[in-house]
Structure formats: structure tokens, C-alpha cells
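Each chain is listed here by its residues.
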Amino acid sequence: PPHPTPRSAAPQAHFLVNSAFERSIVSVREMQQAWKSSQVEINALFTHPEDLQSVYRMIGQLYRQCQEDVVAQAQCERPVRVYDRLAGSYSFFDVSGRLLVDWDGRIVTSVVEMLPQPEM
């Protein structure tokens, strides 16, 4: 089944990323274009297709935990492959998320944190 998306609760999205992510993974402009077009889910822009379900399960866990004024937290059960455009290859990342909703159920803040795994 499809996972819930912030779009169902909020008509617009604002993406904030650090400069390394924007330079190596995907730009804010590309994420905004994907959001507006509804043609590509944001995580699919940079996550290996075989790892997308892990990310979607984590997002689903966040939504199932939602409670008023409580920060929900979840993480992917295994490292996720993320495409690094500069390197021209996938790298493994630990992915976790947090979600905070306000009193009427609208998304106030959601954060996905992607930390690169150390090189072996």
C-alpha cells in the first residue's frame, strides 16, 4: 500500500539541507520541482530503488506514532544506499526520522537525518 505523504496534510513543503547534501546528493530546487510536479516521490530522487521500501516503512512508523505535541522517532532497520552524484556511486547511510504534529493533526516539522556509514 502507498505510504502517507506530507502532501495530504500540507499543501506546500520547504526543504532544508546542508551544502554537502545539495552538492553531492540532490538540490533543494530539484526536490521542490519533484514536489510540485507530483511525478516523483522525493526519496526516489536519491535512494536506491531496492531500499525505498525501508525508507517508506520508517515514514509509516512516524505517522503511526503521531500524538499531539509529541516528537515521533523512527529509523530504517538497515543502512540505505544513497546515490552520490559527485562520486558516481551509491554509499550506505543510516537513516532516521522525526515528526512533530500540532493539535489539529497538521504536520509542523519533519526531519529525515542521513548519516554516512564509515568506510570499511
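Nothing here was measured: the structure is a model prediction, and the numbers come from that model.

(A) Looking closely at helix α3 (residues 52-65). Compared with an ideal rise of 1.5 Å per residue, which puts 14 residues at 20 Å, α3 spans 20 Å between its outermost C-alpha atoms and is within 8% of the ideal. Every buried residue of α3 is listed here: L52, S54, V55, Y56, M58, I59, G60 and L62. Elements that come into contact with the buried residues of α3 comprise β1 (72-75), β2 (80-84) and β3 (89-101).

(B) Local environment of the packing of aromatic side chains. Applying the stated criterion across every chain, the model contains three aromatic pairs. Plain terms: the ring middles of F21 and F46 are 5.4 Å apart, the flat faces sit at 85° to each other, and that makes the pair edge-to-face. One end of the pair, F21, is in helix α1 (residues 19-24); the other, F46, is in the loop between α2 (28-37) and α3, with 25 residues separating them in the sequence. The exposure classification of F21 matches that of F46, with both residues buried.

(C) Summary view of the pattern of salt bridges. This structure, assessed with the given rule, holds six salt bridges. For E113, the salt bridge is made with R98, and the minimal N-O distance between the two is 3.9 Å. Of this pair, E113 sits in strand β4 (residues 107-116) while R98 sits in strand β3, placing them 15 residues apart in sequence. Through salt bridges with shared partners, a single network forms among E50, D51, R78 and R81.

(D) Spatial organisation of the nonpolar core. Formed by 26 residues in total, the largest nonpolar core has its most connected members in F21, M31, I42, F46, V82, V95 and M114. Elements with a contribution of two residues or more to this core: α2, α3, β1, β2 and β3. Beyond its immediate stretch of four places on either side in the chain, M114 contacts F21, F46, V82, F93, D94 and V95.

(E) Focus on α2. What α2 keeps buried is the set V28, M31, A34 and W35. Buried residues of α2, viewed axially, fall in a sector of 125°; they line one side. Those residues of α2 that are exposed and angled more than 90 degrees off the buried face are R29 and K36. Contacts from the buried residues of α2 go to α1. Immediately beyond the C-terminal end of α2, within one or two residues, lies S38, with a positive phi of roughly 60°.

Calculation criteria
- Note that residues are indexed from 1 along each chain, following the sequence as it is written.
- Local features in this predicted model are restricted to residues whose pLDDT is 70 or higher, and side-chain atom pairs enter the listing and the counts only when it is 80 or higher, whereas totals over whole chains, interfaces and linings include all residues.
- Only heavy atoms go into the side-chain values, all of them from the structure, while hydrogens and water stay out.
- Secondary structure elements are taken from DSSP: a helix is a run of H or I of four residues or more, a strand is a run of E of two residues or more, and numbering for both begins at the N terminus.
- Every helix has an expected span of 1.5 Å times one less than the residues it contains.
- Classification of residues uses two cut-offs on accessible area relative to the type maximum, computed with a 1.4 Å probe and protein chains only: under 20% is buried, over 50% is exposed, and between them is partly exposed.
- Any pair of residues with heavy atoms lying within 4.5 Å of one another is described as a contacting pair.
- Only Phe, Tyr and Trp rings are paired, with Trp represented by its six-membered ring, and only when their centres lie within 6.5 Å; those with planes under 30 degrees apart are stacked, over 60 edge-to-face, the remainder tilted.
- Here, a salt bridge means any Lys or Arg side-chain nitrogen found within 4 Å of an Asp or Glu carboxyl oxygen.
- By nonpolar core is meant a set of buried Ala, Val, Leu, Ile, Met, Phe, Trp, Tyr and Cys residues that side-chain atoms within 4.5 Å join together.
- This arc is built from the directions going out from the helix axis to the C-beta atoms.

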